[in-house]
Structures are given as C-alpha cells and as structure tokens.
Amino acid sequence: MERTTGRLADGRQILWYDADGTSRTAATDKRDLPTTVTGSELRLDPLTGEWIAVASHRQSRTYMPPADECPLCPSRDHLSEVPSAEYQAVAFENRFPSYELSAEAPETRTEGLEQVRAGRGRCEVVCFTSDHNSSFAELTPQQARLVVDTWADRTADLNAMDGVEHVFPFENRGKEIGVTLQHPHGQIYGYPFVPPRAATELEHAQAYRDEHGKSLFGEIIASESAAGTRVVAENDEWIAFVPFAARWPIEVHFYPKRQVPDLPALDDAGRDGFVPVYLDVLRRFDRLYDEPTPYIAAWQQAPASSHRDVAWLHLELYSIRRAEGKVKYLAGSESGQGAFVNDGLPEDVARRLREVSA
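Just so it is clear, the structure is predicted and the values come from calculations on it, not from any experiment.

Caption draft 1: View of the layout of surface pockets. One number sums up the size of the largest pocket: a volume of about 1500 Å³. Forming the boundary of the largest pocket are 49 residues, of which Phe168, Phe170, Asn172, Tyr189 and Tyr191 lie nearest the centre. Those elements that place two or more of their residues in the lining of the largest pocket are strand 4 (50-54), strand 8 (166-173), strand 9 (185-191), helix 2 (196-212), strand 13 (295-300) and strand 14 (314-319).

And the structure:
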C-alpha cells in the first residue's frame with residue numbers, strides 16, 4: 001500500500017491510499033474555505049455515566065446533494081473534498097466533526113451533576129472508491145483489501161494521538177439509516193473515552209476470563225462453529241454468523257479465528273481472509289429484497305491503552321429492514337429501556353442468508 005499525505009484548503013489532513021507501485025503527488029485544494037471552527041463539548045449523563053457529545057455546528061453539514069455536486073467524488077466538474085481527478089481510497093478529517101482535537105469547551109466542570117469537558121477527539125471520512133454509483137459490496141477483492149489496509153493504518157495513527165482512547169471505524173449505508181451522502185464511504189471516530197457498547201463487551205469478556213480462564217469471544221466462536229445453524233460464511237481465517245441473541249432483523253458478526261486486538265494487528269493472511277467472507281455476506285444482504293439492504297457495519301476493537309489482552313477484533317453488521325419495504329423502528333422498549341425485541345428467529349435469518357445467492 002502507498003500512502004500520500006496532503007492538506008485541504010482549511011488545514012485539515014487528507015491521505016490518499018493506493019495499491020503498491022502507484023505513484024501519486026498530493027494535489028492542491030483550490031477551494032476558498034474558512035478555517036474549521038468547532039464547539040464540541042462532552043456532557044456527562046449522571047443517570048447512566050455516559051458522555052454525550054454536543055456538536056451544534058453539525059446542523060449545517062451537507063445534506064443530500066445531487067450526484068453532480070457530491071463532495072466525496074473526485075474534483076472533476078466541481079471542487080470537492082478530494083482535490084484530485086481520481087483516487088483509489090482516501091481518508092480525510094471530517095469538515096463537520098463530532099469530536100475535534102483542538103476543541104475547547106466554554107467551561108470545564110469535573111464535579112456535580114452538570115459535568116462538562118471539551119469534545120476532543122478525531123473524526124475522519126473514508127471513501128472506499130471514486131465511483132459514486134458503486135458500493136462496498138461491488139468492490140473488487142483488491143479494492144476491498146485496500147480499504148482494510150486503510151482502516152488499519154488510520155486506526156494505528158489515531159491510537160497514537162493524545163486524547164484518543166478508542167478508535168471506531170464504521171459504515172452507515174442507505175437512506176433508511178439516515179445517510180446524507182450517497183457516495184460509498186464510511187467514517188472513523190477517535191473517541192476521548194471508551195464508548196458504551198465497546199465498554200460493555202470488554203467488561204463481560206474480562207469477567208468471563210477472570211471466572212473461567214478462557215476468552216469469551218473464543219468460546220462464542222467455538223460454540224457457533226460447533227452448532228453451525230447460524231453460520232453464514234467462513235474460510236480458514238474468518239467466520240461469519242448470526243449471533244444467538246441477535247438484536248436486529250438482520251445481523252451478522254464477523255470474527256477472525258485467531259485472536260488479535262485490532263485491525264493493525266491483522267497479518268496479511270487475516271486481511272486477505274476477511275475480504276471474501278465480507279463481500280460474500282454483503283452481496284447476500286443485497287439480494288434478500290428488491291432494494292439494496294440498508295446497514296450499519298461496526299468494527300469492535302481494543303481501546304488504545306486498555307483491555308488489549310482480552311479484546312478480540314470483530315465486525316458487527318446489522319440492518320433495520322425487517323421485510324420488503326418495512327423497517328424496524330427503535331420504539332418504546334428499545335428507545336425507552338434499551339430492551340430489544342427481535343421479530344425474527346436468528347436461525348431463520350442465517351438460513352435465508354445461506355440460501356440467497358451471493
């Protein structure tokens with residue numbers, strides 16, 4: 001992989017990622033952009049102990065532009081966030097970040113019910129391809145592998161930044177999910193704390209190891225492999241299955257068969273092995289219904305400086321689509337109490353995914 005680093009007109013970092021042997025020079029961003037100013041702050045919810053980001057500047061972010069004005073396409077007929085005529089994969093600092101390393105809170109309060117601190121962290125956009133009308137499922141294996149390398153490189157860089165505690169690469173796909181830019185892309189958040197989902201998984205993994213002397217993640221993989229009823233796809237390196245207690249109408253988890261804490265720790269065999277399994281399942285997702293399936297793809301990996309011995313890298317892929325033309329809304333039980341109700345049987349979902357052509 002070749003990496004080329006540049007700066008956008010307002011000073012934000014941009015990085016081009018190309019296959020080995022590609023020669024590239026950082027292009028100049030010709031836009032007249034003001035310096036990005038953010039006012040992100042973190043407020044502590046005293047009832048849950050969770051930090052809530054308040055980022056009011058995001059109200060003005062780009063919303064559903066026409067394809068010929070897409071800010072993630074290469075700069076050809078219009079000036080975009082990517083100042084080059086083409087690219088393979090690219091990552092850059094988000095213009096409207098939820099967290100920003102230089103963020104300053106109006107005031108900091110570390111005691112009492114109304115605790116506040118600056119929303120310092122890092123938010124990046126990762127474009128998977130320059131083709132506006134494509135999707136991750138339509139990438140070639142070589143292009144998908146380049147994206148995996150991009151995720152790994154960005155994770156390593158963000159883990160090393162002061163103030164970043166947890167790195168979270170993810171993709172939101174589909175208008176039903178709330179995606180406002182249709183170009184194939186994902187994001188990476190460098191949180192200044194370990195977020196709730198990751199913290200809960202790691203706490204349970206630590207407790208399981210303390211009690212049983214084994215990896216909870218490894219036990220789950222072994223159990224799913226032995227049962228087989230929820231396995232959707234696998235190869236020598238990875239296994240993908242619908243979890244026993246799936247929350248979402250369609251949900252598949254992807255695990256490497258060898259324990260690694262995060263994406264940078266994946267060797268070449270692990271990175272190569274992920275690609276065919278992931279592309280296979282994504283294509284099955286898109287053939288379940290007449291329209292492409294909206295989804296969220298969420299990487300779970302070790303925090304920058306804790307739980308690295310118990311963490312087991314994995315990807316959680318799920319969709320809110322419950323039937324043709326219907327989506328599952330997070331209503332009273334889910335939103336009010338965080339108690340999920342799944343209308344489908346996980347074993348049936350796995351069977352449907354296995355039966356549909358990839």
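Resuming the write-up.
Caption draft 2: Main features of the environment of Ala19. Topologically, Ala19 is positioned in the loop between strand 2 (13-18) and strand 3 (41-45). Once you skip the residues sitting within four places of it in the chain, Ala19 turns out to touch Glu2, Gln88 and Leu146.

Caption draft 3: Examining the side chain of Glu41 more closely. Within the element layout of this structure, Glu41 appears in strand 3. In this structure Glu41 comes out as buried when scored by relative accessible area, which is 8%. A polar side-chain atom of Glu41 sits 2.6 Å from a polar atom in the side chain of Arg43. Residues contacting Glu41, with those up to four places away along its chain left out, are Ile52, Ala53, Val54, Ala105, Pro106, Val116, Arg117, Ala118 and Gly119.

Caption draft 4: Summary view of unusual backbone geometry. In this structure, His307 is a non-glycine residue whose phi angle is positive, near 55°. Looking at where His307 falls in the secondary structure, it is placed in the loop between strand 13 and strand 14. Classification of His307 by relative accessible area gives partly exposed; the value is 29%.

Caption draft 5: How the structure looks around the packing of aromatic side chains. Scanning the model with the defined rule gives 23 aromatic pairs in all. Ring plane angle 70° and centroid distance 5.2 Å describe the contact between Phe136 and Tyr278, whose orientation is recorded as edge-to-face. Of this pair, Phe136 sits in the loop between strand 7 (122-127) and helix 1 (141-159) while Tyr278 sits in helix 4 (residues 268-286), and the two are 142 residues apart along the sequence. A single burial state applies to Phe136 and to Tyr278, both of which are buried. Summarising the aromatic geometry, the rings of Phe170 and Tyr189 are spaced 5.3 Å apart at their centres and angled 85° between planes, so their arrangement reads as edge-to-face. Pair noted here: Phe170 is in strand 8 and Tyr189 is in strand 9, with a separation of 19 residues, a long-range link. An aromatic cluster is defined as three or more aromatic residues linked by ring pairs; in this entry it consists of Phe128, Phe136, Trp151, Trp238, Phe254, Phe274, Tyr278 and Trp299.

Caption draft 6: View of empty space enclosed by the protein. Taken as a whole, this structure holds two cavities of 30 Å³ or more when the rule is applied. Computed from the structure, the largest cavity encloses a volume of approximately 50 Å³. Sorting elements by how many residues they give to the lining of the largest cavity places helix 2 first, with three residues. Of the residues contributing to the lining of the largest cavity, the split by class is five nonpolar, three polar and one charged. A volume near 30 Å³ is recorded for the second largest cavity. Lining the second largest cavity we find Trp151, Pro169, Phe170, Glu171, Tyr278, Ala297, Trp299 and Leu315. At the level of secondary structure, the elements contributing two or more residues to the lining of the second largest cavity comprise strand 8 and strand 13. In terms of residue count, the dominant contributor to the lining of the second largest cavity is strand 8 (three residues).

Caption draft 7: Local environment of the sheet that holds strand 12 (residues 250-256). The strand order 1-2-5-7-9-8-13-14-12-11-10 describes an open sheet built from eleven strands, whose pairing is antiparallel. Because the sheet does not close on itself, it has two edges, and the strands there are strand 1 (2-7) and strand 10 (231-234). Adjacent strand axes in the sheet meet at a mean angle of 20° when their direction is disregarded. Note that strand 2 and strand 5 (residues 89-93) share four bridges and pair antiparallel. Its bridge partner lying in strand 5, Trp16 is registered against Val90. Of the strands in this sheet, strand 1, strand 2, strand 5, strand 7, strand 8, strand 9 and strand 13 are in contact with helix 1, which crosses strand 2 at around 145°.

Caption draft 8: How the structure looks around the nonpolar core. Counting residues in each nonpolar core, the largest one holds 52 residues, and the members touching the most others are Phe136, Trp151, Phe254 and Tyr278. Setting aside anything within four residues of it in sequence, one finds Phe136 in contact with Phe128, Ala144, Val147, Trp151, Glu171, Tyr278, Leu279, Leu282 and Tyr295.

Caption draft 9: Molecular detail of the pattern of salt bridges. Tallied over the entire structure, the rule returns 38 salt bridges. A salt bridge links Glu81 to Arg31; the nearest nitrogen and oxygen atoms lie 2.7 Å apart. Taken as a pair, Glu81 in the loop between strand 4 and strand 5 and Arg31 in the loop between strand 2 and strand 3 lie far apart in primary sequence, 50 residues in all. Given a relative accessible area of 14%, Arg31 falls into the buried group. Asp262 is the salt-bridge partner of Arg308, the closest N and O atoms lying 2.7 Å from each other. On the criterion of sequence distance, the pair formed by Arg308 in the loop between strand 13 and strand 14 and Asp262 in the loop between strand 12 and helix 4 is long-range, its members being 46 residues apart. Via salt bridges that share partners, Arg3, Arg7, Glu93, Arg122, Glu124, Asp153, Arg154 and Asp157 belong to a single interconnected network.

About the criteria used
- Residues numbered from 1 in each chain as written.
- Predicted model: local features only at pLDDT ≥ 70, side-chain atom pairs only at ≥ 80, totals over all residues.
- Heavy atoms only, no water.
- 1 Å grid on protein atoms, 1.4 Å probe; cavity = no way out; pocket = protein on both sides within 12 Å on 5 of 7 lines; lining within 4 Å.
- Points joined across faces, edges and corners; volume = space filled by probe spheres on them.
- Helix = DSSP H or I, 4+ residues; strand = E, 2+ residues; numbered from the N terminus.
- Contact = heavy atoms within 4.5 Å.
- Buried < 20%, exposed > 50% of the residue type's maximum accessible area, 1.4 Å probe, protein only.
- Polar contact = N/O pair within 3.5 Å; in protein donor to acceptor, adjacent residues only side chain to side chain.
- Phe/Tyr/Trp six-rings, centres within 6.5 Å; stacked < 30°, edge-to-face > 60°.
- Nonpolar A, V, L, I, M, F, W, Y, C, P; charged D, E, K, R; others polar.
- Pairing = 2+ DSSP bridges.
- Axes fitted to C-alpha atoms, helices over the stretch in contact; angles between N-to-C directions.
- Core = buried A, V, L, I, M, F, W, Y, C linked by side-chain atoms within 4.5 Å.
- Salt bridge = Lys/Arg side-chain N within 4 Å of Asp/Glu carboxyl O.

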